[in-house]
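# Understanding the architecture of this molecule
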Amino acid sequence: MNSILDLILRLDCWLLLAPLLPGIINKVKAWVAGRRGPPVLQLYYDLARLWKKGVVMSTLASPAFVVLPAVTWVAVLGAAMLLPLGPLGAGLSFRGDALLLLYLLALGRFCTAWAAMETGSAFEGMGTVREVSYAVLAEAAMIAAVLSLSVQSGSISLAAMLAPAMGASAALLAAGLFIVLLAENCRVPFDDPATHLELTMIHEVMVLDHSGPPLAVILHGAAMKLLLFTVLLVQAVLPMAHLKPLLAAAVLAGGVLAVTVAVGLVESLLARFAFRRVPLLLTTAFLLCLFALLVAWKGGLP
Amino acid sequence: MSGQLLVAAIISLGLAVVAGVWWPRVWLGLTLAGAVAALGAAVGVFATGAEWEWKSAILLGGDAVHMRLDGLSALFVVLTAVVGAAGAVYAREYWSDARYPASAPRGRAWWSGLVASMLLVVSVSNGLHFLMAWEAFAICGYFLITLDPKRPAVRAAGWLYLAASHAGTVCLFGFFALLAAKTGGWELGPRRDDAALAPLFWLALAGFGVKAGIFPLHIWLPAAHANAPSHVSAILSGVALKMGVYGIVRFSGWLPVPAAAGWVVTGLGAATALLGIAFALAQSDYKRLLAYCSVENIGIILLGLGGALLARTHGDAAWGRLALAGAMLHVWNHGAFKALLFFGAGSVLHATGTREMSRLGGLWREMPWTAGVFALGAVAVAGLPPLNGFVSEWLIYLGLFDAVAGKQAPAWAAMPAVILLALAGALALATFVKAGSMMFLGAARTKPAALAHECGGWMRGPMLALAGICLALGLAPIVVWPALASAAGAWHPAWAGAKLEAPLATLGWVQLGLAGLIGAAATLLWRKVRTNHLGRGPTWDCGYAAPTARMQYTSGSFAGLAAGWFSWILRPMRTLRRPRGYFPAAAIRLERVPDVMLEQLILPVGVRVMQVSSAVRRLQHGRLSAYILYVVAGLAALGLLVLLESMP
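When helices and strands are tallied, chain A shows 12 helices and one strand. Taken from the N to the C terminus, the helices and strands of chain A come in the order α-α-α-β-α-α-α-α-α-α-α-α-α. For 302 residues, the compact-globule estimate of 2.2 N^0.38 gives 19 Å, and the C-alpha radius of gyration of chain A, at 19 Å, lies within 12% of that figure. Taking the principal axes of its C-alpha atoms as reference, chain A extends roughly 60 × 50 × 40 Å.

Listed below in structure tokens is the structure:
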């Protein structure tokens, strides 16, 4: 009984709260620009509207085009289930689950890219190439981050890895993971989620041809992915193991909010980078995570 | 029981060599029976855990025939049997008598010969006989690659294969001869305590490394895999490369290794994985792409083996066993998905007649089965859950992570290895999104692609069977754990036993759940879309009204970004004619990635050697007077030497 309750609570957190994050980011951007901006709940309205709409599919695309967004969504949800959620702990925890999380995100990327290529559009090809190429650098940064967490805690299970404080390397890791978060969730300065129709987009251009319920699934999945990276970042940096459950939940929620606001501020204050500078920024993220790893090596558990 | 089955399998395959020339049906039956018997033999070893050994009184080359089947050999026997059987069925349609009346009978005979000789390679236990089986296997491979000798590219590839293979065999001759000299006989077997044998490991690594396709030694591999018939490419890539891996694993297990072996193998593995997949990404010929991807996978296997060697020299740490088990599972996994991908490639080649990805496109419409299984193979080879590729990489990762957590010397090898493995994984994803999308998605770029046709049942069946294996190994990996544990025990007795340091069963259940959820979510979404309304329209190209198939991304433009980071080693050759003037006419941009190691390293050296040799050859021209002068000059020189020696 308890486990069912736990599952319901966890699913609620991931499924229902995730669309809040893009809303908060947009609100922050609007405030900084001196506008009122769309309501925080805008994405919920969008999702509800899209869910009822019909679908127009490219004549070139196979039926997989419609169902691949569902695979991506399941992959992100599966990754989310592996991530501990403050006092709730992880839905499923075993040795090596950190690697499954990374590879589930990669599965999501594979499906999005495959669906984009289904349409035979030059624009979507462009987005796909950028996505899968930059992911190589992002993956290096992520694995270095996971390695440093693993060295710090002496474990490869997310629940144990995220429990202790990161110590001296926390700042380096936070900076590295924040850059990866921006890249993987197609935020400024890597991508501009506010527009589609430019030659310069990565992720947004990959989903140009989607419509109706599949688009709703994609948008919801993207929001979950953003929440996932935020939760990962907050828990990697802030020690929460010894806090009381309610306090831990409050700290986690506060941390997620802070990161979300930070994303909004970055988006308001920075312009998108030229593409030749994107690999540089991602390499910086990789180096930050690598230094975090070396610091953890020197200072971690004996 | 196992032994009798193995001998029966080899006899059955031997008969199939004869039957292949005249009776295709009998040949197929005999080959399949041989494969089933070999499979039975291996399963017997795994189930009972007993090693089979047989010393007969039959003398061959002065030595008694000695065969042995332990966990490690049995692992490779399974691989050979499965791919050998699948390829035999596939060839019935792909290389049929109707299309190739001259070479089909020959192809059948050599095929059975190849499978039989590979079974012998992994089961004989005598250096001399090993070399015989090894040579037979190499020669069968050569004749299979050159089944279609009318094309010059095929002859060149076959020649290169033969030359490289024999360069490796020279090292192996040295290895086995020195081993025999030091141990006093050709008998092979565990001699783990004889430290004097350790330096021989380098010879074995070089000799077997050529066959396995370790990075700078892989030169023969892309051309041979690309030009061979596709079922041959499948067995070359899926199984024949693994014979090299078998040699390295076998003799690093039976003999002691130098202290640096673990470091070197890990380093070679990391370089092979990363550079192999970088080359794969840049290819525009899909069979070459698959060939370079095999180089990558050999690198992944070596990473696991290197971890195991490091662990063994650092106090038998348990993580080494995980890395070794992961490497051994990857031997199977790569055999399954690479054979599947090559069969898919063969089906496309069969239907369109081109190996150039940028001339295909949109094939899913005409070839839905091939497209489906190729996509599945692509997910597996990119190491993504819930398929088998992920499981073996996960085991290797776990081993390497534990090595890092151990904070001893091996951690310094394991840390870069983990990062490079992740990089190679991400590049593999890019590579296979490219391969799949260029071949099967979008619009047809040329007429042959538009007029393609699906392959028949004889080709589809083996592909579906291999796809099933990929799925089964991904969803229930725990089933094969006893086999991996028995191989690890055969490699290093201290690691014997069924203990499992990784939650493999949990992973299996998670993958199963994931697969179920994916199926359910996909079905629900499809139904929802059908009930809402599903219309069709042209691809949205940002308002452009008349998009054409030529505006799609091509293989070169897809790879451009990531391959650019590796241009220091890929050395792409570019032809560029920019559009000029107000009314530009033709503009061209061509990019070709050469086989850098072959064309820019080996060939120039070969050319220099030829130049020096032909310069020396001028001394020999057939004029008798000059020869007499040589003799006199030689005598005078000798006399001078003697004179100088005798002076006080």
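Glancing now at the overall build of chain B. Secondary structure summary: chain B contains 23 helices and five strands in total. Relative to the globule expectation of 26 Å for 648 residues, the C-alpha radius of gyration of chain B, 27 Å, shows essentially globular dimensions. Seen through its C-alpha atoms, chain B measures out along the principal axes to roughly 105 × 70 × 60 Å. Here chain B holds 648 residues, and the buried ones make up 57% of them. Sequence-distant contacts, at least 24 apart, represent 79% of the contacts inside chain B between residues at least 6 apart.

What follows covers the interface of chain A and chain B. Tallying the contact residues gives 61 residues for chain A and 60 residues for chain B. Mapped by element, the contributors of at least two residues to the side of chain A that touches chain B are strand S1 (55-58), helix H4 (64-82), helix H5 (97-118), helix H6 (122-153) and helix H10 (212-237) of chain A. Among the elements that take part in the side of chain A that touches chain B, H6 of chain A stands out by supplying 17 residues, more than any other. Class assignment for the residues of the side of chain A that touches chain B results in 39 nonpolar, 15 polar and seven charged. Of the pairings in the sheet, the one linking S1 of chain A to strand S3 (residues 534-537) of chain B comprises four bridges and is parallel in character. Its bridge partner lying in S3 of chain B, Ser58 of chain A is registered against Gly537 of chain B.

A word on the nonpolar core. Within the largest apolar cluster, 367 residues are counted, with the highest numbers of intra-cluster contacts made by Ala141 of chain A together with Val418 of chain B. Broken down by element, this core gets its largest block of residues, 22 residues, from helix H15 (residues 411-440) of chain B. Other than its neighbours up to four places away in sequence, Val418 of chain B contacts Ile143 and Leu147 of chain A together with Tyr397, Leu400 and Phe401 of chain B.

With 100% of its residues at a pLDDT of 70 or more, chain B shows a mean pLDDT of 93. As a predicted assembly, this complex carries a pTM of 0.94 together with an ipTM value of 0.95.

Residues and elements named next belong to chain B. Running from N to C, helix H3 (residues 71-94) and helix H9 (residues 230-254) point in directions that differ by 170 degrees, and their axes come no closer than 9 Å. By the angle between their directions, the pair H3 and H9 is classed as roughly antiparallel. Residues Leu72, Phe76, Leu79, Thr80, Val83, Gly84, Gly87, Tyr90, Ala91 and Tyr94 of H3 lie in contact with H9, whose contacting residues are Ser230, His231, Ala234, Ile235, Gly238, Val239, Lys242, Tyr246, Val249, Arg250 and Gly253. In terms of residue class, the contact of H3 with H9 is built from 12 nonpolar, seven polar and two charged.

Residue and element names in this part refer to chain B. Here six bridges tie strand S1 (residues 52-60) to strand S2 (residues 63-69), and the two strands are oriented antiparallel to one another. Bridge assignment links Trp52 to a residue of S2, and that residue is Leu69. In this antiparallel pair of consecutive strands, S1 and S2, the connection spans two residues, and Gly61 shows a positive phi of 65 degrees.

Here we take up the environment of Val17 of chain B. All names here are of chain B. Residue placement: Val17 occurs in helix H1 (residues 2-22). Once the C-alpha coordinates of Val17 and Trp27 are considered, the two residues, 10 residues apart in sequence, prove to be 7.5 Å apart. If sequence neighbours within four positions are ignored, Val17 has contacts with Ala109, Ser112 and Gly113.

Residues and elements named next belong to chain B. Relative to the assigned elements, Val257 resides in the loop between H9 and helix H10 (261-282). Accessibility expressed as a C-beta count within 10 Å gives 24 for Val257, which makes it buried. Taking the C-alpha atoms as reference points, Val257 and Leu200, 57 residues apart in sequence, are found 8.0 Å from one another. Contacts of Val257, omitting those with residues within four sequence positions, involve Ala198, Phe201, Ser252 and Leu309.

Before going further, it helps to spend a moment on helix H8 (residues 170-184) of chain A. Residues and elements named next belong to chain A. An ideal rise of 1.5 Å per residue puts 21 Å on 15 residues; H8 measures up with 20 Å between its terminal C-alpha atoms. Taking burial as the measure, the 15 residues of H8 include 12 buried ones, the bulk of the element. For H8, the complete set of buried residues consists of Leu172, Leu173, Ala174, Gly176, Leu177, Phe178, Ile179, Val180, Leu181, Leu182, Ala183 and Glu184. Looking at the buried positions of H8, the neighbouring elements they touch are H6, H10, helix H11 (245-269) and helix H12 (278-299). Within two residues after H8, Cys186 carries a phi angle of roughly 45 degrees, on the positive side.

With that settled, consider unusual backbone geometry. Among all residues except glycine, the phi angle is most often negative; among peptide bonds, the trans geometry is most common. Cis geometry is found at the peptide bond from Val188 of chain A to Pro189 of chain A, where omega equals 5 degrees. Among the structural elements, Pro189 of chain A can be located in the loop between H8 and helix H9 (203-206). A cis amide bond links Pro385 of chain B with the next residue in sequence, Pro386 of chain B, at an omega value of 5 degrees. Along the chain, the position of Pro386 of chain B falls in the loop between helix H13 (368-381) and helix H14 (388-406). The backbone of Cys186 of chain A shows a phi angle near 45 degrees, a positive value even though the residue is not glycine.

What counts as what
Within each chain, residues carry numbers counting from 1 in the order of the written sequence. Following the order in which they are written, the chains are lettered starting with A and the ligands numbered starting with 1. The predicted origin of the model limits local features to residues at a pLDDT of at least 70 and limits the giving and counting of side-chain atom pairs to 80 or more, whereas totals for whole chains, interfaces and linings rest on all residues. Here a strand is any run of E in DSSP of at least two residues, a helix any run of H or I of at least four, and the numbering for each starts at the N terminus. Taken over C-alpha atoms, the radius of gyration is set against a globule rule of 2.2 Å times the number of residues to the power 0.38. Partly exposed residues are those falling between the two cut-offs: more than 12 but fewer than 20 other C-beta atoms within 10 Å of their own, whereas 20 or more means buried and 12 or fewer means exposed, with C-beta atoms placed from the backbone. We call two residues in contact if the C-beta atoms placed from their backbones are at most 7 Å apart. Here the nonpolar group is Ala, Val, Leu, Ile, Met, Phe, Trp, Tyr, Cys and Pro; Asp, Glu, Lys and Arg are the charged ones; every other residue, Gly included, is treated as polar. Paired strands are those between which DSSP finds at least two bridges. The nonpolar core criterion groups buried Ala, Val, Leu, Ile, Met, Phe, Trp, Tyr and Cys residues into a set whenever they are joined through C-beta atoms within 7 Å. Residue-level confidence of the predictor is what pLDDT reports, using numbers from 0 through 100. Each axis is a line fitted through C-alpha atoms, and for a helix only the stretch in contact is used; angles between axes span 0 to 180 degrees, taken between their N-to-C directions. In this scheme, roughly parallel covers angles under 35 degrees and roughly antiparallel covers those over 145, while 65 to 115 is roughly perpendicular and the rest are oblique. In this scheme, a helix's expected span is set at 1.5 Å multiplied by one less than its residue total.

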